[in-house]
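Spelled out, the chains give:
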Amino acid sequence: MKGRTLLMIPGPIEFEPEVLQALGAPTTSHVAPAFVDAFGRALERMRDVWQCPSGQPFVVAGSGTLAMELAGANLVEPGDRALVVSTGVFGDRFEDLLGRHGAAVTVLRAPVGEIVAASAMEEELVRGGYKLVTVTHVDTSTGVRMDVTKLGELGRKYGTLTVVDGVCSVAGEEIRQEEWKLDIVLTASQKAIGVPPGLALLMASPRALEAFHARRRPVGSYYADWSKWLPVMKAYENRTPSYFGTPAVNLVAALDVSLGQILAEGMPARFARHALLAKAFQAGMDAVRLTQVPAKPPYRAHTLTACYAPEGIGIPAFLEDVKNAGAIVAGGLHPAIKDRTFRVGHMGAVRGADVLATVGAIEAGLRRAGHRFDAGAGVAAAQRVLLS
Ligand code: PMP
């Protein structure tokens, strides 16, 4: 028996062997020529993955929450107005975070499983005076995906900076940052980017940098201050070493490898693969008669799926049974539905066979819990999509 169980949670995910090899290689100096080259290349590759040729990439040691903080700390000044569009826990996190930086925050909060309509956003933005609006592309607590294709237009129309939390979407869901005129798209290493946890990644548009340079007051956070990191990012991209805080040398080397793999797959192919795997997995869940958290199929993310467990099923025992059948999946996260839901990640280095194995393991868990469904119906439905 293989010593590992499939890790199918919404991050950290399964990582490619070459990425893990880069992580396990002997650590070099942060000024060693090979590292300077890897860092510079990783920054260039980010522009291609984000599809943002004129963007300024930032790579800073920390988790996705630091990426959120980099956006909030640098773009908000005390008294600025911010609009937070929330479809779950991570939207709510932005409310708290921006408040800490002194913003006057208005929240448009969708009921669990629902989206916030573009018309509702526009109604709020039209009132004017919003320095920035944040949208969580895929909220990992609900599995709901927001449409961000028109968000940038809306931001330009009303003079508002647009910030997309892409922690659970970048390199999995389609994003064309420059074409869609998004000012910030941020993420973390451990999800569809395919690198173990520890890097906050962010791409800023020229407009976002202009707003930063026009600040009246210094940034309240020392570590997150772009004026410390900008010269470092520019230097590495010009293949010269620089220092503010010691870079996470091995993680950055692993990032370079993973971004190279992502680009070798090609962005359109990668987005199509994620869409197909999601469709297959979600067809499997429908076929075993589970209700998904997103209220309508178009709201379902391509990177993860959140499902309600059948009534009366205890989540911890169910997760254990699914694990014993071969796949580690995650419990609920959103406080309102935490005890009734489970979540499955299907992003990054996931193949059709992994999806089939996971649907099969979930079927085993459901059967043990006494849920009624046709054995194999989920696997068959997923396979039909994969072979379509
Ligand atoms: N935003 C979203 C959408 C996320 O899924 C997460 C992590 N699950 C975060 C932000 C925060 O990232 P981290 O846990 O790496 O701080």
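Scoring rules and cut-offs
- Residues numbered from 1 in each chain as written.
- Predicted model: local features only at pLDDT ≥ 70, side-chain atom pairs only at ≥ 80, totals over all residues.
- Heavy atoms only, no water.
- Core = buried A, V, L, I, M, F, W, Y, C linked by side-chain atoms within 4.5 Å.
- Buried < 20%, exposed > 50% of the residue type's maximum accessible area, 1.4 Å probe, protein only.
- Helix = DSSP H or I, 4+ residues; strand = E, 2+ residues; numbered from the N terminus.
- Domains from an automatic or database assignment.
- Pairing = 2+ DSSP bridges.
- Axes fitted to C-alpha atoms, helices over the stretch in contact; angles between N-to-C directions.
- Contact = heavy atoms within 4.5 Å.
- Near = heavy atom within 4 Å.
- Polar contact = N/O pair within 3.5 Å; in protein donor to acceptor, adjacent residues only side chain to side chain.
- Areas by Shrake-Rupley, 256 points an atom, 1.4 Å probe, with all protein chains shown as cover.
- Nonpolar A, V, L, I, M, F, W, Y, C, P; charged D, E, K, R; others polar.

Draft legend 1. Expanded view of the nonpolar core. In this structure, W50, I184, L186 and W226 are the most contacted members of the largest nonpolar core, which totals 95 residues. It is helix α2 (residues 33–50) that contributes the most residues to this core, eight residues altogether. Mapping this core onto the domain boundaries places at least three of its residues in each of domain 1 (6–11 + 266–387) and domain 2 (17–265).

Draft legend 2. Here's a closer look at the sheet that holds strand β9 (residues 184–188). Within the open sheet, the seven strands sit side by side as β2-β10-β9-β8-β5-β3-β4. Their pairing is mixed. Each edge of the sheet is formed by a strand with only one pairing partner; in this case those strands are β2 (56–61) and β4 (104–109). Along the sheet, successive strands turn relative to each other by an average axial angle of 20°, direction set aside. Most of the contacts of helix α6 (residues 151–158) go to strand β8 (residues 161–165), to which it runs at about 155°, and overall it touches β5 (130–136) and β8.

Draft legend 3. Broad picture of the site of the ligand. Near the ligand lie 13 residues; those nearest to it are S63, G64, T65, T140 and D165. Here D165 contributes a side-chain N or O atom positioned 2.6 Å from a nitrogen atom of the ligand. Compared with its free state, where it exposes 390 Å², the ligand has 87% of that area covered by protein. Elements represented by at least two residues in the shell around the ligand include exactly α3 (64–75) and α4 (89–100). Ranked by residue count, the leading element in the shell around the ligand is α3, at three residues. Across the shell around the ligand, the residue classes break down as four nonpolar, six polar and three charged.

Draft legend 4. Examining the sheet that holds strand β11 (residues 304–308) more closely. Strands sit in the order β11-β14-β13 across an open sheet of three strands; the sheet is antiparallel. Looking at the sheet topology across the chains shown, the edges are occupied by β11 and β13 (330–331). Contacting β11 and β14 (341–345), helix α10 (residues 267–287) runs over the sheet at an angle of about 10° to β11.

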